[in-house]
Amino acid sequence: MEATGTDEVEKIKSKFMSAWHNMKYSWVLKTKTYFSRNSPVFLLGKCYHFKTEGEYRALHSFGSNFDKINTEISGNVEEFRKDFISRIWLTYREEFPQIKGSALTTDCGWGCTLRTGQMLLAQGLMLHFLGRAWVWPEALDMDSSDSESWTSNTMRKLTASFEASLTAERDPKILPRPQRGPARRSWDVTEIRNEVYHRKIISWFGDSPLAAFGLHQLIEYGKKSGKIAGDWYGPAVVAHILRKAVEEARDPELQGVTVYVAQDCTVYSSDVIDRQCSFMDSGKAGTKAVIILVPVRLGGERTNTDYLEFVKGILSLEYCVGIIGGKPKQSYYFAGFQDDSLIYMDPHYCQSFVDVSIKDFPLESFHCPSPKKMSFKKMDPSCTIGFYCRTVQDFEKASEEITKMLKSSSKEKYPLFTFVKGHSRDYDFASSPLHEENDLFSEDEKKRLKRFSTEEFVLL
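The model shown is predicted, which means the values in this text are computed figures rather than measured ones. (Residues numbered from 1 in each chain as written. Predicted model: local features only at pLDDT ≥ 70, side-chain atom pairs only at ≥ 80, totals over all residues. Heavy atoms only, no water.)

Right, let's talk about the overall build of the protein for a bit. Within the protein, the regular secondary structure consists of 11 helices and 15 strands. Counting over 460 residues, the protein shows a buried share of 54%. Residue pairs at least 24 apart in sequence account for 75% of intrachain contacts in the protein once pairs closer than 6 positions are excluded. Carbon and sulfur atoms form 53% of the exposed surface of the protein, whose accessible area is close to 20,800 Å². (Helix = DSSP H or I, 4+ residues; strand = E, 2+ residues; numbered from the N terminus. Buried < 20%, exposed > 50% of the residue type's maximum accessible area, 1.4 Å probe, protein only. Contact = heavy atoms within 4.5 Å. Areas by Shrake-Rupley, 256 points an atom, 1.4 Å probe, with all protein chains shown as cover.)

Of all eight residues making up strand 14 (residues 382-389), eight are buried, and the element is well covered by its neighbours. Neither face of strand 14 is left uncovered, since the one carrying Ser382, Thr384, Gly386 and Tyr388 and the one carrying Cys383, Ile385, Phe387 and Cys389 both have all their residues buried. As paired strands, strand 8 (residues 289-297) and strand 14 are joined by eight bridges and run antiparallel to one another. Along strand 14, the bridge assignment pairs Ile292 with Phe387. Two strands pair when backbone bridges link them, and strand 9 (residues 320-327) and strand 14 are joined in this way by four bridges, in the antiparallel orientation. Within the sheet, the bridge partner assigned to Cys320 lies in strand 14 and is Phe387. (Pairing = 2+ DSSP bridges.)

This next bit is on the nonpolar core. In this structure, Trp110, Leu125, Ile201, Trp204, Phe205 and Phe213 are the most contacted members of the largest nonpolar core, which totals 73 residues. Looking at which element gives the most residues to this core, the answer is helix 3 (residues 112-129), with nine residues. Those residues in contact with Phe205, other than ones at most four positions away along the chain, are Leu90, Gln118, Leu121, Ala122, Leu125, Ala211, Phe213 and Gly214. Of all hydrophobic cores here, the second largest spans 42 residues; its members include Val294, Leu298, Cys389 and Ala398. (Core = buried A, V, L, I, M, F, W, Y, C linked by side-chain atoms within 4.5 Å.)

With that settled, the discussion passes to the side chain of Ser269. Checked against the element boundaries, Ser269 lands in helix 8 (residues 269-276). What Ser269 contacts, discounting residues up to four positions off in sequence, is Phe395, Val420, Lys421 and Gly422.

Along the chain, the position of Arg93 falls in strand 5 (residues 93-94). In this structure, the C-alpha to C-alpha distance between Arg93 and Asp207, residues 114 residues apart in sequence, is 7.9 Å. With near-sequence residues (within four places) excluded, Arg93 lies in contact with Thr105, Thr106, Asp107, Arg115, Asp207, Cys350, Gln351, Ser352, Phe353, Val354, Ser365 and Phe366.

Applying the stated criterion across every chain, the model contains 18 aromatic pairs. Considering the side-chain rings of Phe35 and Phe50, the 6.5 Å spacing of their centres and the 80° angle between planes classify their relative orientation as edge-to-face. Of this pair, Phe35 sits in strand 1 (residues 34-36) while Phe50 sits in the loop between strand 3 (46-48) and strand 4 (56-58), and the two are 15 residues apart along the sequence. As far as the burial class goes, Phe35 and Phe50 line up, both buried. (Phe/Tyr/Trp six-rings, centres within 6.5 Å; stacked < 30°, edge-to-face > 60°.)

In the structure shown here, the tally under the stated rule is 14 salt bridges. The partner of Arg115 in a salt bridge is Asp107, with the nearest N and O atoms 2.8 Å apart. In this pair, the class of Arg115 matches that of Asp107, namely buried. Between Arg250 and Glu248 there is a salt bridge whose closest N-O contact spans 3.8 Å. According to the relative accessible area criterion, Arg250 is exposed, its value standing at 52%. Taken together, the shared-partner salt bridges connect Arg243, Lys244, Glu247 and Arg275 into one network. (Salt bridge = Lys/Arg side-chain N within 4 Å of Asp/Glu carboxyl O.)

Axis angle and axis distance: for two packed helices, these are the angle between their axes and the distance between the axes, and together they describe the pair. One way to put it is that helix 6 (residues 215-223) packs onto helix 7 (residues 235-248) with a least axis distance of 9 Å and a crossing angle of 110°. One way to sum up the angle between helix 6 and helix 7 is to call them roughly perpendicular. Judged by the twist between their axes, the crossing of helix 6 over helix 7 is right-handed. Facing Leu218, Tyr221 and Gly222 of helix 6, the residues of helix 7 in contact are Ile241, Leu242, Lys244, Ala245 and Glu248. Tallied by class, residues from the contact of helix 6 with helix 7 come to five nonpolar, one polar and two charged. (Axes fitted to C-alpha atoms, helices over the stretch in contact; angles between N-to-C directions. Parallel < 35°, antiparallel > 145°, perpendicular 65-115°, else oblique. Left-handed = near helix turned anticlockwise from the far one by under 90°. Nonpolar A, V, L, I, M, F, W, Y, C, P; charged D, E, K, R; others polar.)

Spelled out as structure tokens, the structure:
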């Protein structure tokens, strides 16, 4: 009985924390983000120009604010909006199935880095299945009503949570959001095929124990490195958890993708190619696409501004899948930049659980309507950079291009990270097998993960 009472108290605490985060971050979502019209905007390797007379124009995501933009740049603005909104946005959720070994039904307050890691992996899978040119056909239907209803919904949640705590209701009753928008136009065969993959990718990140890359599974893999639900995770630890999640995924569609995590800021080319050329579970030989994750530090206590040009160069590459980073105490998913500001998606807005197993589950909450910007100087030095390479040839080309970029941008004696020919074992590093029967992490990996765990983000 006592344990049950404790669980109820924890649930009430979680509801209030979720409501508080929504109060805080819903205002951020409504805040206009200003972009210069005289500088290019880069988003995951794509470049957009908003140049016209004058200096600044508010590029808020909501349609009415774009009506006044001159026609000469409106096309490019809308292309940017469609591209940004089409990226998969994964945020705090509440009221999802209880996490094994805990009473938690929300990740609000501690799961932000896991969410930014999910966003990076989702972008890699989008490149793999949909290609960089794909945009969600309904992206521009995300209009001002989304922001308005989110904010009002936050107030309803806060009130409902308070009433539930007084009346001991298990689930507060919240009035549903009104349905909106015209009926969807008919799609061609290619659009239908792309929409199937769009939904499938999102379903892999669903907040249920069976989802391959859902929070429940990531926490299970995190336990192997000493983490439990409710702990804070650093970007390097998340990189290794994502690798294990992809490695252990059993969906046949995912057998053509693998993840490689750099060791001590070094990418060993032969190890990457071995992963790409490994046999698939079906027994057929084939080349796998690879998502390369490189945990780095961009300075000591603070980010070294000398690395700014390198970070901008990385985000300008078409095969970049973003950066798991943030500022001290908060994790963000960095996807682009303009001048000396980074463009990001924020995982801190707490949304309600969506059952992705049902047919035609709602997609709106998985797409962010509002781009946000942050000065590079505020960036936390600890981050993980991601790349996607479809073939061995793509990897070889990428390694050459990034190596040149590393050399040209490095003012120090040593670059931020390196590509080295050969295997890690050739340099006296323990080579961990692709599959281990009894333990998901090798002893060498466990030591690295414990070291990385001191670099975590903390959100209070």
